[in-house]
Amino acid sequence: LMNEELRIHSWPCSYYLDTTKQWVSGRLSLTPVAIKFRADKTGELLVNFHLSSISEIKKESSNLIFSSLTILEKSTKHWFSFLQPSRNVVFNILEHFWREQLLSSQGGGAEAAALQSTKGKELTGLLAGSQKRLEDTAKVLHYQGEQFDNIMRGLNKIEGDMDVADRLLTELESPSWWPFSSRLWKAPLEAKPKETAAVSDPKNQEGVLMRIPVIITHRTDSNVKPGKLTLFASGLEISDCSSQVIHRFESREVDDIRVHSPYEVSVRQRFIGRPDTSYRLLSARMPEAIPILEMQFSKKMQFLEDALGFAGATKSPQVDLGTSIWQAATGLLGGVVQPGSPAREGMDNEEVQLQKHEKVSQEEAKELKQILQKLKGLALETEAELERQDEALDSISSSVDRATLTIGRQNRRMRRL
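So, how was this worked out
Residues numbered from 1 in each chain as written. Predicted model: local features only at pLDDT ≥ 70, side-chain atom pairs only at ≥ 80, totals over all residues. Heavy atoms only, no water. UniProt positions renumbered as here; feature names shortened; annotations may be inferred. Helix = DSSP H or I, 4+ residues; strand = E, 2+ residues; numbered from the N terminus. Buried < 20%, exposed > 50% of the residue type's maximum accessible area, 1.4 Å probe, protein only. Polar contact = N/O pair within 3.5 Å; in protein donor to acceptor, adjacent residues only side chain to side chain. Contact = heavy atoms within 4.5 Å. Pairing = 2+ DSSP bridges. Axes fitted to C-alpha atoms, helices over the stretch in contact; angles between N-to-C directions.

- Under an unreviewed UniProt entry, the name given to the protein is Synaptosomal-associated protein 47, and the source organism is Dryobates pubescens.
- Per UniProt, the comment on the protein under Sequence similarities (unreviewed entry) is "Belongs to the SVAP1 family."

Here's what the structure looks like:
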């Protein structure tokens, strides 16, 4: 579970303390579920309330108070002013997390939802998340498989072209009186258009793995603006609220992704002789996106100090990924139904045991069984695709080795000519 006390951001500002009718300097802090203000001089926590209790966030000013931010919490109005780096930055971030909190809790607040949830609902949510993660993995693997297929077609074409080059070299090396030289290379030349036509269009249509709302900071600019982050199997795309693309990173263009916290990442593409292209992205739903980013850019991901704990919680080896999720799911069910004993392999027996558990209803048990069956199918498909890609990589490696030897041999023959 995400640490609710994790500080996402904090800003120096002043808070109007109604009891003393004066402004108090301190820091306004945002956590995943709450807003807090602590005074600088006394260290006293003057403000501490849940995001779900907020009914309005506004930018206000008057004759006496300029450039202020007000938060209406139940019947209390809180005034914040002298916000750094700017009022707009703080407003955009607070509003984003407030709206996402309302959406996730469906207006009732995360605390109330947690109290009402049963163990069966918790299990269903956990396994549904694992199913979504595995489906996303399958999409990425499918796209990678298509790329491998394109590479294999390209290598086959190269091998065909090298066969043609061998025959041409043989023609050049043959004595002038050899009567069959022209027939050695005519047929492959006629077949060349077919090989070219066999190469498919590399711009295949791809599905969206995930789309989440984000707060965007470009390079080191102090201004932030709301937008969207879209994850594809081939890269990622940053757009504004009107869905106009701000920047698209293909997978090969991303040089590093830094995870500053479970809610904030920065994506960078390096250049020589000109500034890097860098975007910093903050989102209440970033914990859902980071595992997909890690799956796509594992070697380019850097977890900074505040995100190291999150990295350990989300990392899992790509090898046997589907099988591990399936085993974890069945093990989890076995632990809930009968603590200390391994899960039974028979799905019907699991359902009977789940129904006997006081916190898992019959309907929830059936739903869990269906999710487990889907997970098992996805795990088998993922494992088969991984094995196919391993074989494709071996085949590509062998083809490259053969091509290297053939090119070396042809170069030596050409030098002799």
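So, next bit.
## With respect to the environment of Leu103
Here is step 1 of the chain: Looking at where Leu103 falls in the secondary structure, it is placed in helix 1 (residues 87-105).
Here is step 2 of the chain: Leu103 sits in the exposed class, given a relative accessible area of 61%.
Here is step 3 of the chain: Between the C-alpha atoms of Leu103 and Ser52, which are 51 residues apart in sequence, the distance is 9.8 Å.

## Side note on the side chain of Glu264
Here is step 1 of the chain: Residue placement: Glu264 occurs in strand 13 (residues 264-269).
Here is step 2 of the chain: Taking relative accessible area as the criterion, Glu264 reaches 8% and is therefore assigned buried.
Here is step 3 of the chain: A polar side-chain atom of Glu264 sits 3.5 Å from a polar atom in the side chain of His9.
Here is step 4 of the chain: Residues contacting Glu264, with those up to four places away along its chain left out, are His9, Arg258, Val259, Arg280, Leu281, Leu282 and Met286.

## A closer look at the environment of Ser266
Here is step 1 of the chain: Tracing the chain through its elements places Ser266 in strand 13.
Here is step 2 of the chain: Since its relative accessible area comes to 11%, Ser266 is described here as buried.
Here is step 3 of the chain: Expressed as a C-alpha distance, the spacing of Ser266 and Leu281, which sit 15 residues apart in the sequence, is 5.9 Å.
Here is step 4 of the chain: Side chain to side chain, Ser266 and His260 meet in a polar contact 2.9 Å long.

## Digging into the sheet that holds strand 10 (residues 235-240)
Here is step 1 of the chain: Taken in spatial order, the eight strands of this open sheet run 11-10-9-8-14-13-12-15, and their pairing is mixed. Each edge of the sheet is formed by a strand with only one pairing partner; in this case those strands are strand 11 (245-250) and strand 15 (301-303). Across the sheet, the mean angle separating the axes of adjacent strands is 30° when strand polarity is ignored.
Here is step 2 of the chain: Here strand 12 (residues 256-261) runs beside strand 13; their pairing, made up of five bridges, is antiparallel. Paired with Ile257 across the two strands is Val267, which belongs to strand 13.

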